[in-house]
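Summary of the model geometry
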Amino acid sequence: MTKNQSIQELVKYAKLAFDNAYAPYSKFRVGAAAYTANGDLVHGCNVENASYGLTVCAERNCIAQAVVAGHTTFSHLVVYTEQENLTPPCGACRQVIAEFFDADAKIIAVNHLGKQKSWHVESILPDAFTPALLNENN
Ligand code: THU
């Protein structure tokens, strides 16, 4: 984390995304924000759908925003909710995180009460299936 970056700044942007979450069905709003490897900040919220299975989580929308802007590597990701229990990334998001984040990058869950817990990517998806494993065939 460089001088101008902070977890606090990520929390601020994750909360802004949270405020725009589209979660009329679950009412479970989530915001996420991440630093790309070159220090840019991206954020995203969960977007639900009347066809429930089409819902996309905040983490994956945040990562997709970065990819649109040309970024595919990250250092930190914050997941913000206003639940008493912190929200760790779901299984699908862990796989997408493993695609783009180094094993030692940090995932940080925070809530409105200031509660916080962090993990290294490798600990939330051990022995991940990663792009490197596809190289044998290319
Ligand atoms: N959700 C996220 O956005 N991120 C997570 O890590 C967990 C779940 C969303 C998906 C759905 O809109 C709502 O939370 C309830 O599952």
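To be clear, the structure that these remarks concern was listed above.
Right, let's walk through the structure included here. These numbers were taken from a predicted model, which means no experiment stands behind them. (Residues numbered from 1 in each chain as written. Predicted model: local features only at pLDDT ≥ 70, side-chain atom pairs only at ≥ 80, totals over all residues. Heavy atoms only, no water.)

1. Let's talk about the packing of aromatic side chains
Tallying each qualifying case throughout the model produces four aromatic pairs. The interplanar angle of 85° and the centroid separation of 5.2 Å between the aromatic rings of Phe18 and Tyr80 together place this pair among those described as edge-to-face. With Phe18 in helix H1 (residues 7–19) and Tyr80 in strand S3 (residues 74–81), the pair connects residues that are 62 residues apart, well separated along the chain. A single burial state applies to Phe18 and to Tyr80, both of which are buried. Considering the side-chain rings of Phe74 and Phe100, the 6.3 Å spacing of their centres and the 75° angle between planes classify their relative orientation as edge-to-face. With a gap of 26 residues between them, Phe74 in strand S3 and Phe100 in helix H3 (residues 91–100) connect regions that are remote in the sequence. Members of the aromatic cluster, each reached through a chain of ring pairs, are Phe74, Phe100 and Phe101. (Phe/Tyr/Trp six-rings, centres within 6.5 Å; stacked < 30°, edge-to-face > 60°. Helix = DSSP H or I, 4+ residues; strand = E, 2+ residues; numbered from the N terminus. Buried < 20%, exposed > 50% of the residue type's maximum accessible area, 1.4 Å probe, protein only.)

2. A closer look at unusual backbone geometry
Negative phi characterises most residues that are not glycine, and trans characterises most peptide bonds. Although it is not a glycine, Lys27 adopts a positive phi angle of roughly 60°. Assignment of secondary structure puts Lys27 in the loop between H1 and strand S1 (31–36). Taking the relative accessible area as the measure of exposure, Lys27 reaches 63% and is therefore exposed. Here Asp127, not a glycine, exhibits a phi torsion of approximately 50°, which is positive.

3. Re the sheet that holds strand S5 (residues 116–120)
A sheet is described by the order of its strands in space; here five strands give the open sequence S2-S1-S3-S4-S5, paired in mixed fashion. Each of the sheet's edge strands pairs with one partner strand only, and the pair in question is strand S2 (41–45) and S5. With direction set aside, neighbouring strand axes in the sheet form an average angle of 15°. Packed on one face of the sheet, helix H2 (residues 58–68) meets S1, S2, S3 and strand S4 (101–111) and runs near 140° to S2. (Pairing = 2+ DSSP bridges. Axes fitted to C-alpha atoms, helices over the stretch in contact; angles between N-to-C directions. Contact = heavy atoms within 4.5 Å.)

4. Considering the site of the ligand
Around the ligand, a shell composed of 13 residues is seen, among which Asn46, Glu48, Cys57, Ala58 and Glu59 lie nearest. Within the side chain of Glu48, a nitrogen or oxygen atom sits 2.5 Å from an oxygen atom of the ligand. For the ligand, the cavity whose grid points lie within 2 Å of the majority of its atoms is the largest pocket. (Near = heavy atom within 4 Å. Polar contact = N/O pair within 3.5 Å; in protein donor to acceptor, adjacent residues only side chain to side chain. 1 Å grid on protein atoms, 1.4 Å probe; cavity = no way out; pocket = protein on both sides within 12 Å on 5 of 7 lines; lining within 4 Å. Sits in = over half its atoms within 2 Å of the grid points.)

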